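Observations on the three-dimensional arrangement
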Amino acid sequence: MATVGDVARLLPRGYDDLRRAVEVGWLEAAGLEDGGGVTARGRVVRARIVPVRRRFLEVVLEPPEEGASPSMSPSTIPSSGAGAGAGRNVKERLVLRWFHARFGMEARFPLGSSVVVAGKLRLARGQAEMANPEVIAVEGAGAGAAGEAAGKPARGIRPRYPEVDGVAGAVVRKLALAAARKLAPRARDGIPAAVAARQGLPPAGDALLLLHDPPETLEGDALAALLGLASPAHRRLAFEELFYLQLGLLERRARAAADPAPVCAPPAEAMSKLRATLPFVLTGAQEAAIAELARDLAAPRPMQRLLQGDVGAGKTAVAFAGAHLAAAAGRQAALMAPTELLAEQHLATLAPWAAALGHRVTLLTASTPRPVRESQLALIAAGVTRIVVGTHALLADRVAFHDLALAIVDEQHRFGVAQRARLRDKGGAGAAAPHLLVMTATPIPRTLALTAYGDLDLTILGELPPGRTPARTHVAWGDAGRAKADALIAREARAGHQAFVVCPQIDPGQGPDDELVEGARTRAHVGATHARLARNPDLRVGLVHGRLPANEREDVMGRFSRGELDVLVATTVIEVGVDIPRATVMVVEDAERFGLSQLHQLRGRVGRGQGQTPYCILCTSVGASSPAADRLRVLVGSSDGFAIAEADLAIRGPGELFGTRQAGLPRILYGDLQRHAELIVEARREAERVRAEDPTLSQPAHAGLAAAMAERAAKVKLYAEEAG
Ligand code: ADP
Ligand code: MG
């Protein structure tokens, strides 16, 4: 459903400065060097397919006819080394060749048409040549549909648009230009004048025109900024988008905070009972987080909090504390995990604590057998079961709570906003919305936190429980490296320790980022890895992956956690949450296929027992000097989850870090989370300021903004449905 506005906002991804184009006839005079890059313009005198083995298209350009292209003057020719007195050489020709050409391609270059190409100039045997140059324009003399006759003549600074399926570049350019010209004079300016003035932003219409129709006189810094896609016009579009986004988030937060919420007032001794029950002393960070939780839970407004703590920071205990406070107050809590395995493990952890505190707890997943589930549902609906641990199955319509006061979502990046909202709708008694606690181990860079989670309050669990040693991390190159990893596993097993060996997904085509991988061998198969390790008669090796039926998986996990297995070969089903204190080794096969944050999480699985030396071995077959290898070295050099997430964000972008769609990350078209970090913070500040001055946007100065927000709300709704 594209509108004229959408077309006008289809931004050029670059610009060609055709004023710099050197005419054939002046190439020699310009003193251009062999191998140098150049944009050249000439008149087609020949175009033919040469049917040799690497069949090529050859186009020969000669100087434009005298007077045919008045815009070109020798003064715009780069002056470097231009021979004094050297003039136009009417005998000069430029030969263009495109290899592996198809028959018929010569028709793109009608005789007599004017062509602009960019590429590397080769000067050989007194002839100027270019191989596979980029065609920037073909115009005049019967240039066909793909030509420029209909579009803007190839002069000045010409925008280059992203490719649109099935639409010729010239057509996109023409449409965008027409749309921009039509819209510019009456473009709605949603940004309040005061904000635009503070931020030094040009009016919307001016920005549109500059981007689609740059003035031919642009020079110097302004030209450089445009070519670098960093002009004030670019900044304006990015700001506008980020500003609306922040306003929307603030609005959403304000709306949600206006709902009534179940007040949890547990007895005074609830906290001391909790401390007496947990098998460890809470860290200072955990105590602070729980205190914050207790305060939020006792308030009549729904908590919307993100709990962020590096892997192993002890988020489960904080979550349990929240659930306990809700239960002790006579209400219910739900803990939702992304996988059954994790839900099972949460239950195993929490059940003894809950029992000691007198709370009934249950596990609800898709594989809970029917009859069991029916009685479970009845107990949940009656409010007898106080703490429910589960997966997405918790969101099913048939799950009705008696009095859900707290919903906790673990490892949030796998849940969509829509699911978050559904959990919120499970309030039960009355219309009160439950308090919401979202937990994540992926440290979220501030810019991303402001955009993806801008509607949540943030608690950071910035301290690990005592006695943890960061894993010694090594990259193991090729087969020799893997042999060393196998030897380490055997050695640790003899010492009574355990090892994880994680492989990429078992399904070909399911793994992450093939494009990041250079020369990776075929995906390690869990089965093959298991077989290799099992050849060592001293090792007891188990295998677990997502395709295994839940009971078998549970059985293997159970044996591993009881120490009956030395090695667990697994896919990333163990990625988050599993807790095996005796595990000291984490080996990752084809490590280059994983994201850095994911690898960091994996290595957080080892070294949880006191006084151990944990190891993380990243096996890879990429070359030691490849970019993929550089990524892996980030992990060797850092155990700081934040720094790693920043690096991951910079390398792979937020979509990869979070899975854009699952995360419900808003679509950002012009803004860029890295390049515009400062702009995001500015947008947030301005949005807060506007809301503080005029929460309902009813002041006349905010009329344009109110209209823009209304329009945006309609679109966001569409996106949310898509992403759900
Ligand atoms: P995560 O934040 O990654 O979810 P967990 O909640 O799984 O971390 O905790 C990791 C491990 O640390 C578990 O074995 C847990 O029992 C232990 N743990 C949590 N809090 C403490 C603490 N205060 N002192 C000692 N161990 C703790
Ligand atoms: Mg966890």
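Data block above holds the structure.
For the structure given in this document, a descriptive report is provided here. (Residues numbered from 1 in each chain as written. Chains lettered and ligands numbered in written order. Predicted model: local features only at pLDDT ≥ 70, side-chain atom pairs only at ≥ 80, totals over all residues. Heavy atoms only, no water.)

**Quick look at the environment of Ala-298**
With respect to the helices and strands, the residue Ala-298 is situated in the loop between α8 (284–297) and β11 (304–309). For Ala-298, a relative accessible area of 41% corresponds to the partly exposed category. (Helix = DSSP H or I, 4+ residues; strand = E, 2+ residues; numbered from the N terminus. Buried < 20%, exposed > 50% of the residue type's maximum accessible area, 1.4 Å probe, protein only.)

**Overview of the packing of helix α10 (residues 340–357) against helix α16 (residues 550–561)**
Running from amino to carboxyl end, α10 crosses α16 at an angle of 50 degrees, the nearest separation of the two axes being 11 Å. In this view, α10 runs oblique relative to α16, as classed from their interaxial angle. In this structure, α10 crosses over α16, and the sense of that crossing is right-handed. Each of Glu-340, Leu-341 and Glu-344 in α10 lies in contact with α16, whose residues at this interface are Ala-550, Arg-553, Glu-554 and Met-557. A class-by-class count of the residues in the contact of α10 with α16 yields 3 nonpolar, no polar and 4 charged. (Axes fitted to C-alpha atoms, helices over the stretch in contact; angles between N-to-C directions. Parallel < 35°, antiparallel > 145°, perpendicular 65-115°, else oblique. Left-handed = near helix turned anticlockwise from the far one by under 90°. Contact = heavy atoms within 4.5 Å. Nonpolar A, V, L, I, M, F, W, Y, C, P; charged D, E, K, R; others polar.)

**A look at the site of ligand 1**
As a structural note, the neighbourhood of ligand 1 is formed by 17 residues, with Gly-312, Thr-316, Arg-468, Asp-579 and Arg-608 the closest of them. Between ligand 1 and Ala-313 there is a distance of 3.4 Å, counted from an oxygen atom to a backbone nitrogen or oxygen. A distance of 3.0 Å separates an oxygen atom of ligand 1 from a polar backbone atom of Gly-314. Contact with the protein chains covers 85% of the free accessible surface of ligand 1, which is 560 Å². For the shell around ligand 1, the residue count by class is 6 nonpolar, 5 polar and 6 charged. There are two domains that each give the shell around ligand 1 at least three residues, and those are domain 2 (270–461) and domain 3 (472–638). (Near = heavy atom within 4 Å. Polar contact = N/O pair within 3.5 Å; in protein donor to acceptor, adjacent residues only side chain to side chain. Areas by Shrake-Rupley, 256 points an atom, 1.4 Å probe, with all protein chains shown as cover. Domains from an automatic or database assignment.)

**A closer look at a nonpolar patch on the surface**
On the surface, Val-164, Val-167, Val-171 and Leu-175 cluster together to form a nonpolar patch covering roughly 270 Å² of accessible area. By secondary structure assignment, the location of Val-167 is in the loop between β10 (157–160) and α2 (169–183). (Patch = residues over 30% accessible without salt bridge, like charges linked within 9 Å, V, L, I, M, F, W, Y side chains within 5 Å. Salt bridge = Lys/Arg side-chain N within 4 Å of Asp/Glu carboxyl O.)

**Some words on the packing of helix α17 (residues 596–603) against helix α18 (residues 627–637)**
Look at α17 against α18: their axes get within 10 Å of each other, and the N-to-C directions meet at 40 degrees. Taken together, the axes of α17 and α18 are oblique relative to one another. Note on packing geometry: the crossing formed by α17 with α18 is right-handed. Residues Leu-596, Leu-599, His-600 and Arg-603 of α17 touch α18, and the partners they reach there are Arg-631, Leu-632, Val-634 and Leu-635.

**Thoughts on the sheet that holds strand β20 (residues 541–544)**
Reading across the sheet, the 6 strands line up as β18-β23-β22-β19-β21-β20 and stay open at both edges, with parallel pairing between neighbours. The open sheet has two free edges, formed respectively by β18 (472–477) and β20, since each of these has just one partner strand. The average angle at which neighbouring strand axes cross in this sheet is 20 degrees, direction not considered. The strands that α18 touches are β18 and β23 (615–620); relative to β18, the one it contacts most, it runs at about 155 degrees. (Pairing = 2+ DSSP bridges.)

**With respect to the nonpolar core**
Core analysis: the biggest nonpolar cluster contains 41 residues, and Phe-320, Leu-406 and Leu-437 have the highest contact counts within it. Counting only elements with at least two residues in this core, the list comes to α7 (270–277), α8, α9 (315–328), β12 (332–336), α10, β14 (387–390), β15 (404–410) and β16 (435–440). The greatest single-element share of this core, amounting to 9 residues, is contributed by α9. Not counting residues within four places of it along the chain, the set of residues in contact with Leu-437 comprises Leu-293, Met-303, Arg-305, Leu-307, Leu-406, Ala-407, Ile-408 and Val-409. In this structure, Leu-565, Val-588, Leu-602 and Leu-632 belong to the second largest nonpolar core, which totals 29 residues. (Core = buried A, V, L, I, M, F, W, Y, C linked by side-chain atoms within 4.5 Å.)

**Side note on the sheet that holds β11**
Across the sheet, 7 strands lie side by side as β13-β14-β12-β15-β16-β11-β17; this open sheet has parallel pairing. The strands lining the two open edges of the sheet, one partner per strand, are β13 (361–364) and β17 (457–461). On average, each strand axis in the sheet is tilted by 20 degrees relative to the strand beside it, whichever way the strands run. The pairing of β15 with β16 spans 5 bridges and is parallel. Bridge pairing in β16 places Ile-408 opposite Leu-437. Together, β11, β12, β14, β15, β16 and β17 form the strand contacts of α9, whose direction differs from that of β15 by roughly 170 degrees.

**Points about the packing of aromatic side chains**
What the rule picks out here adds up to 7 aromatic pairs. Aromatic pair Phe-239 and Phe-243: ring centres 5.6 Å apart, planes at 15 degrees, arrangement stacked. With a gap of 4 residues between them, Phe-239 and Phe-243 both fall in helix α6 (residues 232–257), about one helical turn apart. Judged on exposure class, the residue Phe-239 and its partner Phe-243 are both buried. On the basis of an interplanar angle of 70 degrees and a centroid distance of 5.4 Å, the ring pair of Phe-320 and Trp-353 is categorised as edge-to-face. One end of the pair, Phe-320, is in helix α9; the other, Trp-353, is in helix α10, and 33 residues separate them in sequence. Side by side, Phe-320 and Trp-353 carry an identical accessibility label, which is buried. A network of ring pairs unites the aromatic residues Phe-239, Phe-243 and Tyr-244 as a single cluster. Lying across the ring of Phe-99, Arg-54 places its NZ or CZ 4.5 Å from the centre. (Phe/Tyr/Trp six-rings, centres within 6.5 Å; stacked < 30°, edge-to-face > 60°. Lys NZ or Arg CZ within 6 Å of the ring centre and 35° of its normal.)

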